[in-house]
There are 2 protein chains.
Amino acid sequence: MLVDPFGFGRIVQDGFVFRQNFSIRSYEIGADRTASVETLMNHLQETALNHVKNAGLLADGFGSTPEMCKRNLIWVVSKMQVLVDRYPTWGDVVQVDTWVAASGKNGMRRDWLVRDSNTGDILTRATSLWVMMNKETRRLSKMPDEVREEIGGYFVDSPPIVDDDSRKLPKLDDNTADYIRTGLTPRWSDLDVNQHVNNVKYVGWILESAPLPILETHELAGMTLEYRRECMRDSVLQSLTAVVDKGVGDLANSGLVECQHLLRLEGGGEIVKGRTQWRPKYADRIGSWGELPAESA
Amino acid sequence: MLVDPFGFGRIVQDGFVFRQNFSIRSYEIGADRTASVETLMNHLQETALNHVKNAGLLADGFGSTPEMCKRNLIWVVSKMQVLVDRYPTWGDVVQVDTWVAASGKNGMRRDWLVRDSNTGDILTRATSLWVMMNKETRRLSKMPDEVREEIGGYFVDSPPIVDDDSRKLPKLDDNTADYIRTGLTPRWSDLDVNQHVNNVKYVGWILESAPLPILETHELAGMTLEYRRECMRDSVLQSLTAVVDKGVGDLANSGLVECQHLLRLEGGGEIVKGRTQWRPKYADRIGSWGELPAESA
């Protein structure tokens, strides 16, 4: 075993996979005693950046390569799918593997596989799509040949670790949403170096309009997010959620709940559209959770 | 050197000090490229819990010892003082040392010393006071002899690492506050296992009413917080800030700004009173920050 005392991670598997361990800290767990989905996504973000850094290609602190920086290009995430089999708890160590692949002619896919480093059990699988944007014009860009030369050698030739959820995300509005939370504003600590809101923060806002009875009795099992535009420091957001009928199709009798989400600017622009799946909490763990409060069991 | 591959920490210095390293992650830095004060306080919380855990005295996940659990006693923080000399940045490794001492007959003091693990430079010093509360009656409790026997052997006999800031914190109100932020509510992810808001979250809310021009041009150099009562899941909070005249006493010509804060329930009860000191950003670092945006330089 290679020792990695500070948890910086390292490249494994012939140079194609970056691996980093994280021990789950007390402040990363929530009301359910498990790591929150934001924690999970933070770990994904951290490994993505460290992957680029370890490859010697990190030029700006946000994943841009030297050739991208020359051209004022940045990565923007357009889609993210996450499937969570099990959430780790305080003291658990998770092993995050990440790798990249081509996506069409101009995009990049990044996948993650998260395991319990002790048991090897798969905890989470995630896949994401990224495109390049010009930082000045805010327009999408083709991938320049020079950038492809920098990163193409790292691309793997494998299908996404999560099947593409290509079902169209309907646009929610005041009439179709069941829950609307208004007046959401970035906290100072939500801002990144560019004074933008980091895309992980959006997840917290989306869950702000998820109904409390679902949050209390269910856990997030899966999530598809489509990112449409940036949220800036002065943005005021609304979070809309619709709970989809539980009795249809695969969801019948499973106890699963599906929700649709929209995060929009108070002025109207779409920031994120999303879909979440929820399963009953502790469904397969009854008996091992002696300390569960009655209302959650 | 003892290897601690997963960063769980260990007891050092004859058993009196618990030491744990943290590498600062990309998602723990904010708009200034440095770790936020909440990140710092999260690390303090984590080492406190791991200290109790390493001593074999952690009975409930919140720092209560077995004898405390028997009696339904929990620790509650009554006061916290933090001095920050320098904030670490992404990739830095910080070494957090923590130890405990008696505080009067029934309380406990916990101190922390945070260093840059590479250079040994002191980054942060913090001290805190804790008392015991009965979880059912919510009344403060004396320290039972059985608890003193459990933990007394770990108490060090040294003065606090930060001199006590005993200046009375004035009670702000609508007339004396310069800035008031209303309607602050806990996010689901702000709640801990007891459905309470973790005390670190309060810091974010306090800073919510700090004026943007100060946040943009200054960094938090020091903070004194007095915790008065708990914030529950349904609480709606107001954050009040008064900027103290800069031209008085030690603050004259130093560029330092001092603020007073109150976090209160919309119904009126005090949650936290506080005082913060701010120093001009990058004051001693001009020249080494090539990427600084013009407006921050």
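Preceding block: the structure.
The rules behind the values
Residues numbered from 1 in each chain as written. Chains lettered and ligands numbered in written order. Predicted model: local features only at pLDDT ≥ 70, side-chain atom pairs only at ≥ 80, totals over all residues. Heavy atoms only, no water. Helix = DSSP H or I, 4+ residues; strand = E, 2+ residues; numbered from the N terminus. Buried < 20%, exposed > 50% of the residue type's maximum accessible area, 1.4 Å probe, protein only. Contact = heavy atoms within 4.5 Å. Areas by Shrake-Rupley, 256 points an atom, 1.4 Å probe, with all protein chains shown as cover. Axes fitted to C-alpha atoms, helices over the stretch in contact; angles between N-to-C directions. Parallel < 35°, antiparallel > 145°, perpendicular 65-115°, else oblique. Left-handed = near helix turned anticlockwise from the far one by under 90°. Nonpolar A, V, L, I, M, F, W, Y, C, P; charged D, E, K, R; others polar. Phe/Tyr/Trp six-rings, centres within 6.5 Å; stacked < 30°, edge-to-face > 60°. Lys NZ or Arg CZ within 6 Å of the ring centre and 35° of its normal. Least-squares fit on C-alpha atoms with pLDDT ≥ 70 in both. Buried area = accessible area lost by both parts, 1.4 Å probe. Salt bridge = Lys/Arg side-chain N within 4 Å of Asp/Glu carboxyl O. Polar contact = N/O pair within 3.5 Å; in protein donor to acceptor, adjacent residues only side chain to side chain.

Asker: Residue-level account of the overall build of chain A, with values.
Answerer: On a plain count of helices and strands, chain A comes out with 5 helices and 12 strands. Counting across all 297 residues of chain A, residues that qualify as buried make up 55%. Contacts spanning at least 24 positions in sequence make up 69% of the contacts within chain A whose residues lie at least 6 apart. As displayed, chain A has an accessible area near 13,100 Å², and 50% of this comes from carbon and sulfur atoms.

Asker: If you had to explain the packing of helix α1 (residues 37–54) of chain A against helix α4 (residues 199–208) of chain A to someone new, which residues and values would you point to?
Answerer: Residues and elements named next belong to chain A. Where α1 meets α4, the axes come as close as 9 Å, and the angle between the chain directions of the two elements is 165°. The angle between α1 and α4 falls in the class roughly antiparallel. Classified by chirality, the crossing of α4 by α1 is right-handed. In this structure, α1 contributes V37, E38, M41, N42 and Q45 to the contact, and α4 contributes V200, V203, G204 and L207. Taken together, the residues that form the contact of α1 with α4 break down as 5 nonpolar, 3 polar and 1 charged.

Asker: Break down the packing of aromatic side chains for me, citing the residues and quoting the values.
Answerer: The final tally for this structure, using the stated rule, is 4 aromatic pairs over all chains. Pairwise contacts between aromatic rings join A:Y202, A:W205 and A:Y227 into one cluster. The cationic tip of A:K53 hangs over the ring face of B:W90; the distance from NZ or CZ to the ring centre is 4.0 Å.

Asker: Talk me through the side chain of A:S235; I want residue IDs and the actual numbers.
Answerer: Residue and element names in this part refer to chain A. Within the secondary structure, S235 sits in the loop between β9 (218–227) and β10 (237–244). With relative accessibility at 11%, the residue S235 sits in the buried group. Those residues in contact with S235 that sit more than four places away from it in its chain are L184, T185, P186 and L265.

Asker: An account of the relation of the copies chain A and chain B is requested, with residue identities and associated values reported.
Answerer: Here chain A sits on chain B after a turn of 180° about the axis and a move of 0.0 Å along it, with an RMSD of 0.0 Å. Both copies are brought into coincidence by an operation consistent with a two-fold rotation axis. Taken together, the interface assignments show that 98% of the residues at the interface of chain A recur at the interface of chain B, consistent with an identical surface on both copies.

Asker: Account for the interface of chain A and chain B, naming residues and giving values.
Answerer: Taken together, the 48 residues of chain A in the interface contact 47 residues of chain B. Buried area between chain A and chain B, summed over both chains or domains, comes out near 4,500 Å², and the portion from carbon and sulfur atoms is 54%. Of all residues in chain A, A:W90, A:R187 and A:W188 bury the most surface against chain B, accounting for 18% of the area lost on that side. Where chain A meets chain B, there are 2 salt bridges. A:E28 is the partner of B:R25 in a salt bridge, and the nearest nitrogen-oxygen pair spans 3.6 Å. Linking chain A with chain B are 12 residue pairs in polar contact (both at pLDDT 80 or more). Breaking the side of chain A that touches chain B down by element, the ones donating at least two residues are β2 (17–23), α1, α4 and α5 (212–217) of chain A. It is α1(A) that provides the largest number of residues to the side of chain A that touches chain B, a total of 8 residues. Of the residues that constitute the side of chain A that touches chain B, the class distribution is 18 nonpolar, 13 polar and 17 charged.

Asker: Help me get a handle on the environment of A:S78, residues and values and all.
Answerer: Residues and elements named next belong to chain A. Along the chain, S78 turns up in strand β3 (residues 73–84). Along the primary structure S78 and S128 are separated by 50 residues, whereas in three dimensions their C-alpha atoms are 7.6 Å apart. Leave out the neighbours within four places in its chain, and S78 touches L129, W130, L225, E226 and Y227.

Asker: Pulling in residues and values, what's your account of the pattern of salt bridges?
Answerer: In total, this model carries 44 salt bridges over all chains according to the counting rule given. Between B:D165 and B:R275 there is a salt bridge; the shortest N-O distance is 2.8 Å. Here B:D165, found in the loop between α3 (145–151) and β8 (179–184), pairs with B:R275, found in strand β12 (residues 270–280); they are 110 residues apart in sequence, far enough to count as distant. Across the pair, B:R275 and B:D165 agree in class, each one buried. A salt bridge links B:E219 to B:R279, with the shortest nitrogen-to-oxygen separation between them at 2.9 Å. In this pair, B:E219 is assigned in strand β9 (residues 218–227) and B:R279 in strand β12, connecting sequence segments 60 residues apart. The class of B:E219 is buried, set by a relative accessible area of 9%. Connected through shared salt-bridge partners, A:E67, A:K70, A:R71 and A:E146 make up one network.

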